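Residue strings, one per chain:
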Amino acid sequence: MAFAKKSLGQNFLISERVVGGIVMAGEITPGEQVIEIGPGKGVLTAALLRAGAHVIAVEKDDRLIPLLATRFKPEISRGDLVLIHGDVLESMDAVSIRIKGHYKVIANIPYYITGQIIRQFLSIDDKPDSMILMVQKEVADRIIARDGKESILSLSVKVYATPSLVMNVSRGNFFPIPNVDSAVLKLSDIKMPFANTTDESRFFETVKAGFAQKRKKLAGNLTSVMPKDQVAQKFKALGLDDNARAEDVSLDIWIKLAQ
Ligand code: SAM
């Protein structure tokens, strides 16, 4: 096969230990549905199938499709694996019609679309039960907010799910070796936090406004989305310090600020 395509984020996993760790974090019960984004040459796909999952795998690279079709011919003919050739961000209709009931997303994803993949699966009506994703280590750290500093990214994930770190994965576990380290991130307890789309838009509008100017205090930033006296009133009611910074405010307070 031709060499790995950097533009498609192709760094193939070469460690069975890491593959095993991902599958274990998925807590797969036989017959469970799993969506895999970017199966590549199928190292994780094979392990998911061995664990008894019914896999729907979406791969964009046309060079990999015949390879996967050959490798998994028996699983495809048994209906244990459905291979979809396409861009995951444009194939949601094709994926959705194949999902029946509960499902998980388990994948070593292309990092150039990490944010879009997470957003896509957390904001659709039929959300997964959980997501186990290999992501760039810094992204996992920011989502989990291990240093206690929230960001637009961490709040956008935490409002829908509970993030946790499964394991750190050094760059030597991939080929070609990428120039970043990775981590396996788990998003569990995925829920529908908003009663309607207006509340959802209002939440994101408030968070974006709050973080708009990094050096400004939160109170100042929020005046772009609500009157100054309303900001003052809310701060008082929520016991927020006038000097508070957006990054120091927790999710439950953001939800109340947006209401
Ligand atoms: N899962 C394999 C593994 O662990 O070895 C491959 C992982 S590699 C990091 C990412 C995979 O996603 C590649 O196979 C790449 O072709 C595929 N890919 C890239 N962009 C994609 C997209 N927009 N939709 C679906 N697959 C994509």
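Every value quoted in this text rests on a predicted model; they were computed, and no experiment measured them. (Residues numbered from 1 in each chain as written. Predicted model: local features only at pLDDT ≥ 70, side-chain atom pairs only at ≥ 80, totals over all residues. Heavy atoms only, no water.)

(A) The site of the ligand, seen in detail. In the region of the ligand, 24 residues are neighbours, and Q10, G38, E59, N108 and Y112 sit closest. A distance of 3.5 Å separates a nitrogen atom of the ligand from a polar atom in the backbone of P39. Within the backbone of K60, an N or O atom sits 3.4 Å from a nitrogen atom of the ligand. Coverage of the ligand by the protein chains reaches 99% of its 590 Å² of free accessible surface. (Near = heavy atom within 4 Å. Polar contact = N/O pair within 3.5 Å; in protein donor to acceptor, adjacent residues only side chain to side chain. Areas by Shrake-Rupley, 256 points an atom, 1.4 Å probe, with all protein chains shown as cover.)

(B) The nonpolar core, seen in detail. Membership of the largest hydrophobic core comes to 53 residues, with the highest contact counts inside it found for I35, I37, F121, L122, M131, F203 and W254. Core analysis: the next-biggest nonpolar cluster, separate from the first, contains 27 residues, L49, A57, L64 and F174 among them. (Core = buried A, V, L, I, M, F, W, Y, C linked by side-chain atoms within 4.5 Å. Buried < 20%, exposed > 50% of the residue type's maximum accessible area, 1.4 Å probe, protein only.)

(C) Representation of helix 2 (residues 43-50). For helix 2, the buried fraction is high: six of the eight residues fall into the buried class. For helix 2, the set of buried residues is L44, T45, A46, A47, L48 and L49. (Helix = DSSP H or I, 4+ residues; strand = E, 2+ residues; numbered from the N terminus.)

(D) Molecular detail of the packing of aromatic side chains. All chains considered together, the criterion is met by six aromatic pairs. On the basis of an interplanar angle of 80 degrees and a centroid distance of 6.0 Å, the ring pair of Y160 and F194 is categorised as edge-to-face. In this pair, Y160 sits in the loop between helix 8 (152-158) and strand 7 (162-169) while F194 sits in the loop between strand 9 (182-188) and helix 9 (197-211), placing the two residues 34 residues apart along the sequence. F194 matches Y160 in its accessibility class, with the two residues each being buried. Centre to centre, the rings of F211 and W254 are 5.6 Å apart; their planes meet at 20 degrees, and the pair counts as stacked. Taken together, the positions of F211 in helix 9 and W254 in helix 12 (residues 251-258) put the pair 43 residues apart, joining distant regions of the chain. Overall, the relative accessible area of 12% leaves F211 in the buried class. For W254, a relative accessible area of 0% gives the class buried. (Phe/Tyr/Trp six-rings, centres within 6.5 Å; stacked < 30°, edge-to-face > 60°.)

(E) Representation of the pattern of salt bridges in the model. On inspection of all chains with the given rule, the structure shows twelve salt bridges. Across the pair K60 and D87 runs a salt bridge, and its minimum N-O distance is 3.2 Å. Residue K60 is found in the loop between strand 3 (54-59) and helix 3 (64-71), and its partner D87 is found in the loop between strand 4 (81-85) and helix 5 (92-96); the two are separated by 27 residues along the sequence. Relative accessible area serves as the criterion here: at 17%, D87 is assigned to the buried category. (Salt bridge = Lys/Arg side-chain N within 4 Å of Asp/Glu carboxyl O.)

(F) The arrangement of the environment of R142 in detail. Its place among the elements puts R142 in helix 7 (residues 137-144). Along the primary structure R142 and F121 are separated by 21 residues, whereas in three dimensions their C-alpha atoms are 19 Å apart.

(G) Broad picture of the pairing of strand 5 (residues 104-108). Counting buried residues in strand 5 gives five out of five residues, a clear majority hidden from the surface. Here strand 5 shows two buried faces, one formed by K104, I106 and N108 and the other by V105 and A107. With two bridges connecting them, strand 2 (residues 33-37) and strand 5 associate as parallel partners. Across the sheet, residue V34 finds its bridge partner in strand 5, namely K104. Sheet analysis places strand 5 next to strand 6 (residues 130-136), joined by five bridges and oriented parallel. (Pairing = 2+ DSSP bridges.)

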